[in-house]
Amino acid sequence: MTKDVTMLHLEDLGGAWELRQKTDDIAIPAVVPGCVHVDLINDGRLPDPFQDDNEKAVAWVGRTDWHYTREIAWTGPAHERVDLVFDGLDTVAAVELGGATLGTTRNMHRSYRYDVTALLDGTPQPLTVRFTSAYTEAERVRDLLGPRANAYPEPFNFIRKMACGFGWDWGPTLVTAGIWRPVRLEAWSVARLATVRPLATWTGTEGHLDLTIEAERLHDTPLTVRVSLDGREVARGEMPPGESRWHLDRTMAGVRPWAPINYGQPVLYDLTVELLAGDVLLDSWQRRTGFRSVAIDSGPDTAGSRFLIEVNGEPVLIKGVNWIPDDIFPSRMTRQRYEHRLREAADAGVNLIRVWGGGLYEDRAFYDTCDELGLMVWQDFLFACACYPEEEPLYSEVVAEARENVTRLAPHPSLITWSGNNENLWLHGAMRWDEEEGGDLTWGERYYLETLPRIVAELDPSRPYQAGSPWSGSWEHPPNDTGHGTFHSWEVWNREDYVNYRDSAPRFVAEFGWQAPPAWTTLREAVSDDPMLPDSPGVLHHQKAEDGNGKLARGLAPHFGEPAGTEAWHYLTQLNQVRAIRTGVEHWRSHWPHTGGTILWQLNDLWPVTSWAAIDGAGRYKPLYFELKSLNAPHGLTVQPRGDGLVVAVLNDSPQPWSGRLAVQRRTAAGELRAAWAVHVDVPARQVRTVPIPQDVTAAGAGELLVAELDGVRALWFGVPDRDFPYPDAGLTVTADPVPGGLDLRVQAESLARDVLVQADRIHPRAVADRGFLTLLPGESAVVRVRGPVELDPATVKAPWVVTDLASVIGRH
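Residues numbered from 1 in each chain as written. Predicted model: local features only at pLDDT ≥ 70, side-chain atom pairs only at ≥ 80, totals over all residues. Heavy atoms only, no water.

Trainee: Let's hear about the overall build of the protein: which residues, and what values?
Mentor: When its secondary structure is counted, the protein shows 16 helices and 46 strands. For 813 residues, the compact-globule estimate of 2.2 N^0.38 gives 28 Å, and the protein sits close to it at 28 Å. Counting across all 813 residues of the protein, residues that qualify as buried make up 60%. For the protein, restricting intrachain contacts to residue pairs at least 6 apart in sequence, the fraction spanning at least 24 positions comes to 70%. Carbon and sulfur atoms make up 48% of the accessible area of the protein, which amounts to about 29900 Å² in all. One finds the centroid of the 77 positive side-chain charges in the protein at a distance of 3 Å from the centroid of its 112 negative side-chain charges. (Helix = DSSP H or I, 4+ residues; strand = E, 2+ residues; numbered from the N terminus. Rg over C-alpha atoms; globule rule 2.2 N^0.38 Å. Buried < 20%, exposed > 50% of the residue type's maximum accessible area, 1.4 Å probe, protein only. Contact = heavy atoms within 4.5 Å. Areas by Shrake-Rupley, 256 points an atom, 1.4 Å probe, with all protein chains shown as cover. Lys, Arg positive; Asp, Glu negative; His and termini not counted. Charge placed at Lys NZ, Arg CZ, Asp CG, Glu CD.)

Trainee: Can you break down unusual backbone geometry residue by residue, with the values?
Mentor: Cis geometry is found at the peptide bond from Asp 530 to Pro 531, where omega equals 5°. You can see Pro 531 is positioned in the loop between helix 10 (520–526) and helix 11 (537–541). Residue Gln 602 is bonded to the preceding Trp 601 through a cis peptide linkage, with omega at 10°. As for its placement among the helices and strands, Gln 602 is situated in the loop between strand 32 (597–600) and helix 14 (623–631). At Asn 312, a residue that is not glycine, the phi angle is positive and equals roughly 55°. You will see that Asp 711, though not glycine, has its phi angle at about 50°, which is positive. With respect to the secondary-structure elements, Asp 711 resides in the loop between strand 38 (704–710) and strand 39 (713–718). Residue classification places Asp 711 among the exposed residues on the basis of a relative accessible area of 55%.

Trainee: Can you lay out the sheet that holds strand 40 (residues 733–739) for me, pointing to particular residues and giving the numbers?
Mentor: Strand order in the open sheet formed by 4 strands is 40-41-45-43, and the pairing between neighbours is antiparallel. In this open sheet, the two edge strands, each paired with only one partner strand, are strand 40 and strand 43 (768–769). Direction of pairing for strand 43 relative to strand 45 (residues 781–787): antiparallel, over a ladder of 2 bridges. Considered in strand 45, the bridge of Ala 769 is made with Val 786. (Pairing = 2+ DSSP bridges.)

Trainee: Got a sec to walk through helix 12 (residues 548–556)? Specific residues and values, please.
Mentor: Counting buried residues along helix 12, 7 of its 9 residues qualify, which places the element largely inside the surrounding structure. In the core, the buried residues of helix 12 are packed alongside helix 9 (491–494), helix 11 and helix 13 (566–589).

Trainee: Go over the environment of Gln 602, please, and point to the residues and values.
Mentor: Residue class for Gln 602 comes out buried when judged on its relative accessible area of 0%. Residues within four places of Gln 602 in sequence aside, it is in contact with Trp 170, Asn 322, Ile 324, Ser 611, Trp 612, Ala 613 and Ala 614. Side chain to side chain, Gln 602 and Asp 605 meet in a polar contact 3.1 Å long. (Polar contact = N/O pair within 3.5 Å; in protein donor to acceptor, adjacent residues only side chain to side chain.)

Trainee: Residues and numbers for the pairing of strand 35 (residues 658–668), please.
Mentor: For strand 35 and strand 36 (residues 673–683), the ladder comprises 10 bridges, and the chain directions are antiparallel. When the sheet's bridge partners are listed, Arg 661 is paired in strand 36 with His 680. The antiparallel pairing of strand 35 with strand 36 creates a hairpin that spans 4 residues between the two strands, and Gly 671 there sits at a positive phi of about 105°. Sheet analysis places strand 35 next to strand 38, joined by 6 bridges and oriented antiparallel. Across the sheet, residue Val 664 finds its bridge partner in strand 38, namely Ala 708.

Trainee: So what about the nonpolar core? Which residues, and what values?
Mentor: Residues Tyr 68, Phe 86, Val 129, Trp 168, Ile 179 and Phe 366 are the most contacted members of the largest nonpolar core, which totals 167 residues. It is helix 13 that provides the largest number of residues to this core, a total of 10 residues. Formed by 30 residues, the second largest nonpolar core is a distinct cluster that contains Ala 191, Ala 200, Val 234 and Trp 246. (Core = buried A, V, L, I, M, F, W, Y, C linked by side-chain atoms within 4.5 Å.)

Trainee: Go over the packing of aromatic side chains with me, naming the residues and quoting the values.
Mentor: Remark: the centre distance and the inter-plane angle together describe each pair of aromatic rings, the angle taken between the planes. In total, this model carries 44 aromatic pairs according to the counting rule given. With 5.8 Å between their ring centres and 80° between their planes, Tyr 68 and Phe 131 make a pair best called edge-to-face. Of the two residues, Tyr 68 is situated in strand 4 (residues 66–72) and Phe 131 in strand 9 (residues 125–132); the sequence distance between them amounts to 63 residues. Phe 131 matches Tyr 68 in its accessibility class, with the two residues each being buried. Judged by centre distance (6.3 Å) and plane angle (40°), the rings of Phe 307 and Trp 378 are tilted. Taken together, the residues span a long stretch of sequence, with Phe 307 in the loop between strand 22 (304–305) and strand 23 (308–311) and Trp 378 in strand 27 (residues 376–380) at a distance of 71 residues. An identical accessibility class is assigned to Phe 307 and Trp 378; each is buried. Ring-pair connections join several aromatic residues into one group, and the members of that group are Tyr 152, Phe 156, Trp 168, Trp 170, Trp 356 and Trp 601. Here the guanidinium or amino end of Arg 63 rests over the ring plane of Tyr 135, the centre of that ring lying 3.7 Å away. Between the NZ or CZ atom of Arg 686 and the centre of the ring of Tyr 263, over which it lies, the distance is 3.6 Å. (Phe/Tyr/Trp six-rings, centres within 6.5 Å; stacked < 30°, edge-to-face > 60°. Lys NZ or Arg CZ within 6 Å of the ring centre and 35° of its normal.)

Trainee: Can you explain the side chain of Arg 160? Please cite residues and give values.
Mentor: Mapped onto the elements, Arg 160 comes out in the loop between helix 3 (134–145) and strand 10 (166–168). Taking the relative accessible area as the measure of exposure, Arg 160 reaches 3% and is therefore buried.

Trainee: Give a description of the sheet that holds strand 1 (residues 9–12) that names residues and reports values.
Mentor: One open sheet accounts for 4 strands, arranged 1-12-5-8; its pairing is antiparallel. The open sheet has two free edges, formed respectively by strand 1 and strand 8 (112–115), since each of these has just one partner strand. On average, each strand axis in the sheet is inclined to that of its neighbour by 25°, with strand direction left out of account. Bridge analysis of strand 5 (residues 81–86) against strand 8 gives 4 bridges, and the strand direction is antiparallel. (Axes fitted to C-alpha atoms, helices over the stretch in contact; angles between N-to-C directions.)

Trainee: Go over the packing of helix 6 (residues 395–409) against helix 8 (residues 445–459) with me, naming the residues and quoting the values.
Mentor: Between helix 6 and helix 8, the shortest axis-to-axis distance is 10 Å and the interhelical angle comes to 35°. The interaxial crossing formed by helix 6 with helix 8 has right-handed handedness. Here Tyr 395, Val 398, Val 399, Ala 402, Arg 403, Val 406 and Thr 407 of helix 6 come into contact with helix 8, specifically with Arg 446, Tyr 447, Thr 451, Leu 452, Arg 454, Ile 455, Val 456, Glu 458 and Leu 459. Looking at the contact of helix 6 with helix 8, its residues break down into 10 nonpolar, 2 polar and 4 charged. (Left-handed = near helix turned anticlockwise from the far one by under 90°. Nonpolar A, V, L, I, M, F, W, Y, C, P; charged D, E, K, R; others polar.)

Trainee: Can you break down the pattern of salt bridges residue by residue, with the values?
Mentor: Close approach of charged atoms allows side chains with opposite charge to pair. Within the structure shown, the criterion is met by 56 salt bridges. The shortest N-O distance in the salt bridge between Arg 306 and Asp 297 comes to 2.9 Å. Here Arg 674 makes a salt bridge to Glu 704, at a shortest N to O gap of 2.5 Å. With Arg 674 in strand 36 and Glu 704 in strand 38, this pair connects stretches of sequence that are 30 residues apart. Exposure remark for Arg 674: the relative accessible area of 42% places this residue in the partly exposed category. (Salt bridge = Lys/Arg side-chain N within 4 Å of Asp/Glu carboxyl O.)

Trainee: An account of helix 4 (residues 335–347) is requested, with residue identities and associated values reported.
Mentor: Under the 1.5 Å per step criterion, the end-to-end length of helix 4 is 18 Å for 13 residues, consistent within 8% with the ideal 18 Å. For helix 4, the full list of buried residues reads Tyr 338, Arg 341, Leu 342, Glu 344, Ala 345 and Ala 346. For helix 4, the secondary structure elements touched by its buried residues are strand 25 (318–323), strand 26 (352–355), helix 5 (364–373) and helix 14. Backbone geometry just downstream of helix 4 places Gly 349 in the positive-phi region, at approximately 80°. (Expected span 1.5 Å × (residues − 1).)

Trainee: Help me get a handle on the environment of Val 95, residues and values and all.
Mentor: One can find Val 95 in strand 6 (residues 92–97). Under the relative-accessibility criterion, Val 95 is labelled buried at 0%. In this structure, the C-alpha to C-alpha distance between Val 95 and His 67, residues 28 residues apart in sequence, is 9.9 Å. With near-sequence residues (within four places) excluded, Val 95 lies in contact with Leu 84, Phe 86, Leu 89, Ala 100, Thr 101, Leu 102, Gly 103, Tyr 114, Leu 127, Thr 128 and Val 129.

And the structure:
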């Protein structure tokens, strides 16, 4: 042991680097963390790939080999060991220092550490990271192991890399390379903390901490481990010479449980682990964690088998969204951007984020923010929509990646479940992949049913593991079975009208969705077509789904007919997205707890595109975003068909009973009362009550609607499609009052004004409204608050399409 021992010292190697093509010695300024595409864009050598069809013009970047270089030296305190640490390399790389090769990589989802003690002193040495095209590696592995089926014509399943970078039905093909996460030098002596894996759980009355620590040693000297919670020492233990592992299993009295949104407070504690040699602090580790228990009730019942997520012993109605990487170039993500997007989800009443398997194990900032907000996280292992080889060189990479990320994410109480894959167990049979070329080869089943559950059981038994999504629980039932486990609802949208959501009540809906274009300004900024039409070249290039526009048109036809122009198409497709999602969520929520919840496809986009997202690729809200706030509210009403009649489902996802007078009226579009009925209802906490409506009230004639109300919560029912409803002229008047930060728009209706929409981005590109579609009964008014970065002109609200209602679009005056 050295005489003068000091604590581990870090030197960040981020910032300015140089980038070169393998075949070109011209140096391009580069920034680390980063990626080649962003460096080329910043240097003016690449057009914006989001604009028009520039995606095609930049495809060569993903087929090219690249080198990153800079000089490094160790000038910090003297230590026994100096390591070069990469938190992430994308993807196929050779790392060289002073001309010596340190190692090679082929996995974007892992970190890498190299001992450079003998190669570094105070003299600068060239550090080079040589990236081989991901295509080259993926195609090499494909040729080695044989072809495998997948849902898209790219070899993403032959390389451990963000799959959606190869293109998806909502994303561009932009295959990246680069030092995408931080890189640093770490200097240390005697020993360091190699892994710290805390599993913090809640017993119902007190906390429990299962803590495993592994150290990397340079000497067989006695070590001490000290554990603190919120600055208070809670444990201390010895790591004798020759041992590198220490374990703590202890009850933690006096702590409070972490709970998800609307089920308590997300209580967090600062957990600190210190490694000492005598009185000398060698290394320390600190995270915020929380104590909670998680289970998935998948037991049998008379309808099949349940899927209820329980936190701290209480079933939680899941109001989830699917998360894709928020940027096709993930190195551009910042803590501030993660916080902003996740707060938007929480503000919309979302309580669970599913991190989808074609993306990433996200940055620590993502999970930290979910911890703080009370957002639960469902984390897929990174397999999606393909057959994956189980042989080398991939198998050992999968194991190393899984072990590292299960350990890395263990401190986060928001993480409640691991899932083996996205749709692979389902599609293997449903798409008859076993009949395609390579169908007799391994396809990933071993990962999902053996390897990954074994790793989770060893390293993280505090969280339930699912083999995949969808998954019925075993091969006894089809993977995508409405009666068992999780279900992905894609017949609706792909082939059926959204009213068919009401045809079944799955046990848990883990994916469902309906497309719409992005905000008008987002589309206009990305597409230079003149004129811009639904089927003009630029618009179609930003529609990646197979027959996406055809499905949009077929979805509109039974409800609205054919739109009269691009602006009408834009309004109606956004409205149809809202109608579809409302139909599904209200139906399934009315079946709680038979249906354990829903996870909308999808929250976000990673470029400007027509997609299923609620927030578009420029960060603008589609009307669907605001609809989520209503659909996810603790109290809700919905009129639902049941048998030969109609019922009001009273939805109470609050911790208190909901009681009051439920009133149902049948009115004309002009406001005339035709029938009325009322009843007192008592709905216990976290439950649903369905109340049949008398037939003399539901017997609506032409131009009539039902209005149900309870404590200011309202539900409407129109018995016929919009194109068959005789909407009157709403007689809308709009006044705009300047206020600090923007405008307050007061919208007044003389007659029924259905689906009034204020498109704030048509007032100013960065203006935001506080609500989406709203319906006013005769004589009602509402205020829409529009805020922007500059003073807004009240006269702009008179411009076409700034304020629109349904009747004016479909021409039913």
